[in-house]
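Per-entry structural report
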Amino acid sequence: MRFSFRRRRQAAEMAASVFLFVAVSLACLSVSGNLVSGNKSFTIDYINNCFLKDGKPFQYISGSIHYSRIPQYYWKDRLTKMYMTGLNAIQVYVPWNFHETVQGVHNFTGDRDLEHFLDLANQTGLLVILRPGPYICAEWEMGGLPAWLLMKPNIVLRSADTEYMQAVSNWLAVLLPKIKPWLYINGGNIISVQVENEYGSYHMCDYNYMRQLRSLFRYFLGEDTILFTTDGNTDKEMTCGSLQGIYATIDFGTENNISDAFARQRRFEPRGPLVNSEFYTGWLDHWGDQHAVVDAQKVSRMLGEMLTMGASVNMYMFEGGTNFGYWNGADHDNRFRSVVTSYDYDAPLTEAGDPTEKLLAIRDVIKQYREVPSGPMPPATPKFAYGFVTLRKIGNFSSLLKTLSPMGPIQSQYPLTFEQYYGYMLYRTTLPRDLSGPTPLICPLNGVHDRAYVSVNGVYRGLLVRDTTLVMNITGQQGDTLDVLVENMGRVNFGSKINDYKGLLSNLILGKDILTDWKIYPLDIDGAIAGGWPQSSTARGKEPSVGPTFYTGTLEPNGLARDTFLKLPEWTKGQVWINGMNLGRYWPSRGPQQTLYVPGPLLSTTMPNNITVLELEGAPAHLRVLFMDWPQLSITAKKP
């Protein structure tokens, strides 16, 4: 999901293009009486430049929604609101790594039950435009590719490389047979399927790779399924991303000229429907950004113009949702920039699924082009401010390794990366000599991915940070324990650096000594918390610590289980779990996001709700967290 703002056409050409597009659209609509109505068919009419659904001209008005970013118990609610807005379709990504986190182990249950999601969409009356990748971007961890691919040292991602294609083939052999019964032509609701994703934005430009993918999709889904590509609004992206036999679509946002963009699509796809596969209703946030906002009137006005042309449009996003756990991605242009936990996206439905003024403006536009379902829009889900909860200290990592790494360490002379794991890993060695004064600990070759929290004998000494802080000073005696807790802040999801290894990628140098003889602890924090820790622990403390430390507390039940938003005032940076669910990362000092979304059904109405916080740098003396009834996604935001 990216686009370019280049404009290459002259104003006169743009005006002529608009006239042509409208004329073609009217011609397409005028032939409906002459078409033979088919039985559950979805095709492209290349003569009249439109889609045909059951033999009749069809224009889709769609919105993107990611089931992987929304708890299952809210899927129906979100889909209903999209339907009531007037949409007749939704667009859905399938994140490979969400379903095959461990190689060969596939999970399609609970929040990963893709077929249940498709069924709910079908029951709601929504068609589906499916985007199964294998790469999806989506500001999702490694663009949806599983990190275990990087355990193959010579693998070339998103190419015809044999090792990569073998893994892709194995995955698609699992996924696509599940999809086939849901194709519209087979009685389901999937009208089209994307092959790869914005491949023209990638540096490889490997047509053999795209041909192999096309063959796989045809083998599993049949010759009658509409396959499509989507690429950004430049000639280079359209050239490398499109392939004969796959329908080429384009994506662009409110800063682009519509006729210029669709003229570019026409150069690569001379006949067939005009399609904007990603019309941007908002934008993403990185830590340290200003919260992105896209004007609702610009969105609605431009949507109306495209619909008048007869174009099919998908709005990206219609609801963004949340990067729960460790699923956020990252960008790397001049430096590494991690995506925040919220994927609110300034979309028509908020992160919590609430209708906005932008949604109402879009609905008013859609009413001019198709009949919108009658009846009121489902209301926002109830919110509740549960107030303050005071936490207690459990302990730091050095005292908790038996709990957090029950399998024990891996021993290695030199550091190893951790491509089988997400979240955190601890590297431990000893100081090789006495350090009479502050001695530089150096991470050469930018080898810390992404943040390393350094302690000596359990005492926190400071940070090494990718791209920015590669040297720090420490002191100590020979034989002292050196702990380096490395945080994976999300693998790069876009561009040429998606082969984003995590952990320590190079040796650490202490003065002139290369540090060796490492014990490397894979940390299963989520597993320990899901198993009842730390509430089962007897260790308690009232004083906060500096450096990576766990804290716990309980939100007492009050008979209500409503959506709420967790704020951590004066806390620095870390991770939060409630009742075993990993809500994601917080970093209020960096911003813009200040609160974490807590879905109401996660909370118990009768039992204490367990809160666990991993604070990585330093907790406030008050050790309080606050449950609010509204989200704060920017540092300066005030209650609406």
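Summarised in this report is the structure supplied together with it. These numbers come from a predicted model, not from an experiment.

1. Comments concerning the sheet that holds strand β34 (residues 624–628)
Here four strands make up an open sheet; going across it, the order is β14-β34-β29-β32 and the pairing antiparallel. A strand with exactly one partner marks an edge of an open sheet, and here the two such strands are β14 (387–390) and β32 (595–598). With direction set aside, neighbouring strand axes in the sheet form an average angle of 30°. Here β14 runs beside β34; their pairing, made up of four bridges, is antiparallel. Looking at the pairing, F388 lines up with L626 of β34.

2. Considerations on the environment of D450
Among the secondary structure elements, D450 is positioned in the loop between β19 (448–449) and β20 (451–456). Taking the C-alpha atoms as reference points, D450 and S338, 112 residues apart in sequence, are found 9.5 Å from one another. When residues no more than four places from it in sequence are discounted, the contact partners of D450 are F336, L464, V465, R466, V486, E487, N488, M489, G490 and K502. Among the polar contacts listed, one links the side chain of D450 to the side chain of R466, at a separation of 2.6 Å.

3. Focus: the sheet that holds strand β26 (residues 513–514)
With antiparallel pairing, four strands are arranged side by side in an open sheet as β22-β18-β25-β26. At either end of the open sheet lies a strand with only one pairing partner, and these are β22 (471–476) and β26. Of the strand pairs in this sheet, strand β18 (residues 435–442) and β22 are connected by five bridges, and their pairing is antiparallel. Its bridge partner being in β22, L441 is matched across the sheet by M472.

4. Structural notes on the side chain of Q632
Summarising the element assignment, Q632 is placed in the segment after β34. Among residues more than four places away in sequence, those in contact with Q632 are K567, Q593, Q594, T595 and A637.

5. A look at the packing of aromatic side chains
This model, assessed by the stated rule, comprises 36 aromatic pairs. Their ring planes at 50° and their centres at 5.2 Å tell us that Y343 and Y345 sit as a pair that is tilted. Residue classification places Y343 among the buried positions, given a relative accessible area of 1%. Assessed through its relative accessible area of 3%, Y345 is described here as buried. Look at F397 and F550: their rings are 5.4 Å apart centre to centre, the planes differ by 50°, and that puts the pair in the tilted class. Taken together, the residues F397 in the loop between β15 (392–396) and α11 (401–404) and F550 in strand β28 (residues 549–555) connect sequence positions 153 residues apart. Accessibility assignment for this pair places F397 and F550 in one class, buried. Ring pairs connect the aromatic residues Y67, W75, F98, F117, W140, W327 and Y422, which therefore count as one cluster. One residue, R78, lies across the ring of Y74, its end atom 4.3 Å from the ring centre. Between the NZ or CZ atom of K178 and the centre of the ring of F108, over which it lies, the distance is 4.7 Å.

6. Concerning empty space enclosed by the protein
Scanning the entire structure with this criterion turns up five cavities of 30 Å³ or more. Within this model, the largest cavity holds a volume of roughly 120 Å³. Contributing to the lining of the largest cavity are 16 residues, with N396, F397, S398, S455 and P548 lying nearest its centre. Going through the elements one at a time, β20, β21 (459–465) and β23 (481–487) are the ones with two or more residues in the lining of the largest cavity. Ranked by the residues each element gives to the lining of the largest cavity, the list is headed by β23, at three residues. When its residues are assigned to classes, the lining of the largest cavity shows nine nonpolar, six polar and one charged.

7. Some remarks on the pairing of strand β4 (residues 61–65)
Among the five residues that make up β4, five are buried, leaving the element largely enclosed by the rest of the structure. By the alternation rule, side chains of β4 split into I61, G63 and I65 and S62 and S64, which are all buried. Relative to strand β11 (residues 312–319), β4 runs parallel, the two sharing four bridges. Bridge pairing in β11 links S62 to N314. Where β4 and strand β5 (residues 89–93) come together, three bridges link them in parallel fashion. Looking at the pairing, S64 lines up with Q91 of β5. One crossover worth recording links β4 to the parallel β5 by way of helix α2 (residues 75–85), and it is right-handed.

Cut-offs used in this document
- Residues numbered from 1 in each chain as written.
- Predicted model: local features only at pLDDT ≥ 70, side-chain atom pairs only at ≥ 80, totals over all residues.
- Heavy atoms only, no water.
- Pairing = 2+ DSSP bridges.
- Helix = DSSP H or I, 4+ residues; strand = E, 2+ residues; numbered from the N terminus.
- Axes fitted to C-alpha atoms, helices over the stretch in contact; angles between N-to-C directions.
- Contact = heavy atoms within 4.5 Å.
- Polar contact = N/O pair within 3.5 Å; in protein donor to acceptor, adjacent residues only side chain to side chain.
- Phe/Tyr/Trp six-rings, centres within 6.5 Å; stacked < 30°, edge-to-face > 60°.
- Buried < 20%, exposed > 50% of the residue type's maximum accessible area, 1.4 Å probe, protein only.
- Lys NZ or Arg CZ within 6 Å of the ring centre and 35° of its normal.
- 1 Å grid on protein atoms, 1.4 Å probe; cavity = no way out; pocket = protein on both sides within 12 Å on 5 of 7 lines; lining within 4 Å.
- Points joined across faces, edges and corners; volume = space filled by probe spheres on them.
- Nonpolar A, V, L, I, M, F, W, Y, C, P; charged D, E, K, R; others polar.
- Right-handed = clockwise from strand over helix to strand, strands pointing away.

Geometric values such as these leave the question of function open.
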